[in-house]
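Overview (structure and organization)
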Amino acid sequence: MNSDRVLRQMASRNPLSTPMQHSLSRRKFMQGLAAGAAAASLPMAARAQSRPLSLLTWDAYADPRLLALWKEQTGGDIRYEIHISDPSSVNRLRAGETSVWDFINVNNPWARNEMWPAGLIRELPRDRFEPLYAQMKPKFAAPYPWAMSADGNHLLGVVQRYETFDFVVNSDVISPDLAKDEGWDLFNNPDFSGRYGILAYEDWNVMDICMGAGVHPFKVKTDEEVARFEETAKRWIQNAKLITTDFVQLNLAILNGEIDMYFTGGTYTTAAARLEGVSNLYAITPNSGPADGKGGINWIEINSAVANPDPLDEAIDFLEFITTPDAAEIVARGNGNFQPVAQMANPDLMSRFSTEELAAIQWDEFDERIANAVEFDIVPDYDRLYDIYAAAMRARG
């Protein structure tokens, strides 16, 4: 197999508009989808919607197969917009777009800390939705704090996709066990100067640089910690071989021997390539670090119903629909990026993923990675840190 050719073929496809289909599991998936659609029984009526259900979301929930399954089961139409950042979308709701959207899919801190206090999302009926949490991985046993209001009295959303997102190594050059033990200090090692890349996802880069500077990303920083962040940011950015917003380019750089590792990265950036046989792209979550002793960051998406002044009952129905095995299977494979979902605790859903697919997301290490990662949160002092990061990027030119 020509790994370079495989990755270049993948690079030619836009995962937001052309879902990648893997022949390995496609026949089983389509058979299961057809059977599941016929057998599905949800406590929702197949009723005519007054308008399309409107989703402000990351790309997995815009997968055409998911929209088609919803249409088949309910007769309802969906419109969507794939957003580009959590805070930007929350700010859009604050600016009055609650009248535009019915559903929002963002990372875990925004529902409890921002959207619920501001009246931007609806409370979910606990008697209907808490039993769904009993079908998830034990980590999410109800009441799961990020899905609840700060006072613990209101259920704010449904958990689904989650993973760690730290860095990637070429396992033919750097032992994964060594990388886990060394953690972020690999990027501080002068031997790797000019031998790593940066995936320019700005908020994640800020968090990673905190980790590399020995600073907890989700706690208020002292001036001394900010100074350490600044020194690390300047050095890491200056010493990077390659900086890009395209993770396929970074995967190619590893395969071509230009770099040995990159941040930010994880199974999100490697799974599709690994499924094609490029197994030396290896996602790493450090064994330890400065975030309460943990070295990785675990993102968890919360799906919520927007507090639209013209509310649709279907928004609540949709939140239940996505947890069913047929829908959750599509979300896990949404638009070609295979990601774990909380519902994989359900044997029915878990049995639908092949050995090769589970190997692609390094499933045998999944619980270990989650245990070694702190949960994603809003970064205090983010604006100050971002200004330092942006200045270092400008200085590089």
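Residues numbered from 1 in each chain as written. Predicted model: local features only at pLDDT ≥ 70, side-chain atom pairs only at ≥ 80, totals over all residues. Heavy atoms only, no water.

Running from N to C, helix 9 (residues 223-239) and helix 17 (residues 382-396) point in directions that differ by 25 degrees, and their axes come no closer than 9 Å. By the criterion of interaxial angle, the relationship of helix 9 to helix 17 is roughly parallel. Crossing of helix 9 over helix 17 shows right-handed handedness. Contacts between helix 9 and helix 17 pair Asp223, Val226, Phe229, Glu230, Ala233, Lys234, Ile237 and Gln238 from the former with Arg384, Leu385, Ile388, Tyr389, Ala392, Met393 and Arg396 from the latter. Taken together, the residues of the contact of helix 9 with helix 17 sort by class into 9 nonpolar, 1 polar and 5 charged. (Axes fitted to C-alpha atoms, helices over the stretch in contact; angles between N-to-C directions. Helix = DSSP H or I, 4+ residues; strand = E, 2+ residues; numbered from the N terminus. Parallel < 35°, antiparallel > 145°, perpendicular 65-115°, else oblique. Left-handed = near helix turned anticlockwise from the far one by under 90°. Contact = heavy atoms within 4.5 Å. Nonpolar A, V, L, I, M, F, W, Y, C, P; charged D, E, K, R; others polar.)

A word on the packing of aromatic side chains. Using the criterion set out here, one finds 27 aromatic pairs in the structure. Aromatic side chains Phe140 and Tyr162 sit 4.7 Å apart centroid to centroid with 85 degrees between the ring planes, which places their arrangement in the edge-to-face category. Residue Phe140 is found in the loop between helix 6 (126-133) and strand 4 (158-164), and its partner Tyr162 is found in strand 4; the two are separated by 22 residues along the sequence. Ring geometry for Tyr162 versus Phe366: centroids 5.2 Å apart, planes at 75 degrees, classification edge-to-face. Within this pair, whereas Tyr162 is found in strand 4, its partner Phe366 is found in helix 16 (residues 366-371), the two being separated by 204 residues in sequence. Across the pair, Phe366 and Tyr162 agree in class, each one buried. Every member of this aromatic cluster is reached through a ring pair, and the members are Phe165, Tyr201, Trp204, Phe218, Phe247, Tyr268 and Phe376. Above the ring of Trp146, the side-chain terminus of Arg112 is found at 4.1 Å from the ring centroid. (Phe/Tyr/Trp six-rings, centres within 6.5 Å; stacked < 30°, edge-to-face > 60°. Buried < 20%, exposed > 50% of the residue type's maximum accessible area, 1.4 Å probe, protein only. Lys NZ or Arg CZ within 6 Å of the ring centre and 35° of its normal.)

The next point concerns the nonpolar core. In terms of nonpolar packing, the biggest core is built from 119 residues, with Met115, Phe140, Val159, Phe167, Phe187 and Phe318 touching the most fellow members. Contacts of Phe140, omitting those with residues within four sequence positions, involve Tyr133, Val159, Tyr162, Ile300 and Ala342. (Core = buried A, V, L, I, M, F, W, Y, C linked by side-chain atoms within 4.5 Å.)

Moving on to the packing of helix 3 (residues 64-74) against helix 13 (residues 325-332). Running from N to C, helix 3 and helix 13 cross one another at 165 degrees; their axes reach a closest spacing of 9 Å. It follows from the interaxial angle that helix 3 and helix 13 lie roughly antiparallel. Handedness of the helix 3/helix 13 crossing: left-handed. In this structure, helix 3 uses Arg65, Leu66 and Leu69 to contact helix 13, whose residues at the interface are Asp326, Ala327, Ile330 and Val331. Taken together, the residues of the contact of helix 3 with helix 13 sort by class into 5 nonpolar, no polar and 2 charged.

Time to look at the environment of Phe229. Relative to the elements of secondary structure, Phe229 occurs in helix 9. In this structure the C-alpha to C-alpha distance between Phe229 and Gly214, which are 15 residues apart in sequence, comes to 8.4 Å. With sequence-adjacent residues up to four places away left out, Phe229 is seen in contact with Val206, Ile209, Cys210, Ala213, Leu385, Ile388 and Tyr389.

As for its position among the elements, Ile209 is in helix 8 (residues 202-212). Distance in space between the C-alpha atoms of Ile209 and Lys234 is 9.8 Å, their sequence separation being 25 residues.

Attention now moves to the sheet that holds strand 7 (residues 242-244). Strand order in this open sheet of 5 strands is 7-6-8-5-9, and the pairing throughout is mixed. Strand pairing shows two members of the sheet lacking a second neighbour, strand 7 and strand 9 (281-284), which therefore form its edges. Each strand of the sheet is rotated relative to its neighbour by a mean of 20 degrees, with strand direction disregarded. Against the sheet, helix 8 makes contact with strand 5 (166-170), strand 6 (196-199) and strand 8 (261-265), and its axis sits at roughly 115 degrees relative to strand 8, the strand it touches most. (Pairing = 2+ DSSP bridges.)

Burial runs high along helix 12 (residues 313-321): 8 of the 9 residues are buried. Buried residues of helix 12: Glu314, Ala315, Ile316, Asp317, Phe318, Leu319, Glu320 and Phe321, and no others.

Regular strands place their side chains on alternate faces of the sheet. Bridging between strand 1 (residues 53-57) and strand 2 (residues 78-82) involves 5 bridges; their strand directions are parallel. Within the sheet, the bridge partner assigned to Thr57 lies in strand 2 and is Ile82.

Another aspect to go through is the pattern of salt bridges. Enumeration over the complete set of coordinates arrives at 27 salt bridges. One salt bridge in this structure joins Asp63 and Arg65, with 2.6 Å as the shortest N-O distance. Summarising the burial analysis for this pair, Asp63 and Arg65 share the class buried. In this structure, Arg384 engages Asp223 in a salt bridge whose closest nitrogen and oxygen atoms are separated by 3.4 Å. A residue pair is termed long-range when its members are at least 10 positions apart, and Arg384 in helix 17 and Asp223 in helix 9 qualify at 161 residues. (Salt bridge = Lys/Arg side-chain N within 4 Å of Asp/Glu carboxyl O.)

Take the confidence of the model for the protein chain next. The predicted model of the protein chain averages 89 in pLDDT, with 88% of residues at 70 or higher. Contacts from residues 1-43, a stretch scored under 50 in pLDDT, to residues over four places away or in other chains number 66 contacts. (pLDDT = per-residue confidence, 0-100.)

Once that is clear, we can look at a negative patch on the surface. On the surface, Asp177, Asp181, Glu182 and Asp185 cluster together into a negatively charged patch. Structurally, Asp177 is set in helix 7 (residues 176-182). Given a relative accessible area of 53%, Asp177 falls into the exposed group. (Patch = residues over 30% accessible without salt bridge, like charges linked within 9 Å, V, L, I, M, F, W, Y side chains within 5 Å. Areas by Shrake-Rupley, 256 points an atom, 1.4 Å probe, with all protein chains shown as cover. Lys, Arg positive; Asp, Glu negative; His and termini not counted. Charge placed at Lys NZ, Arg CZ, Asp CG, Glu CD.)

This part takes up helix 9. Over its 17 residues, helix 9 extends 24 Å from the first C-alpha to the last, a length consistent with the 24 Å expected when each residue adds 1.5 Å. Turning to helix 9, its buried residues number three or more, namely Glu225, Val226, Phe229, Thr232, Ala233, Trp236 and Ile237. With its buried residues spanning 125 degrees around the axis, helix 9 presents them on a single face. On the buried face of helix 9, the contacting elements are strand 6, helix 8, strand 7, strand 8 and helix 17. (Expected span 1.5 Å × (residues − 1). Arc of directions from axis to C-beta.)

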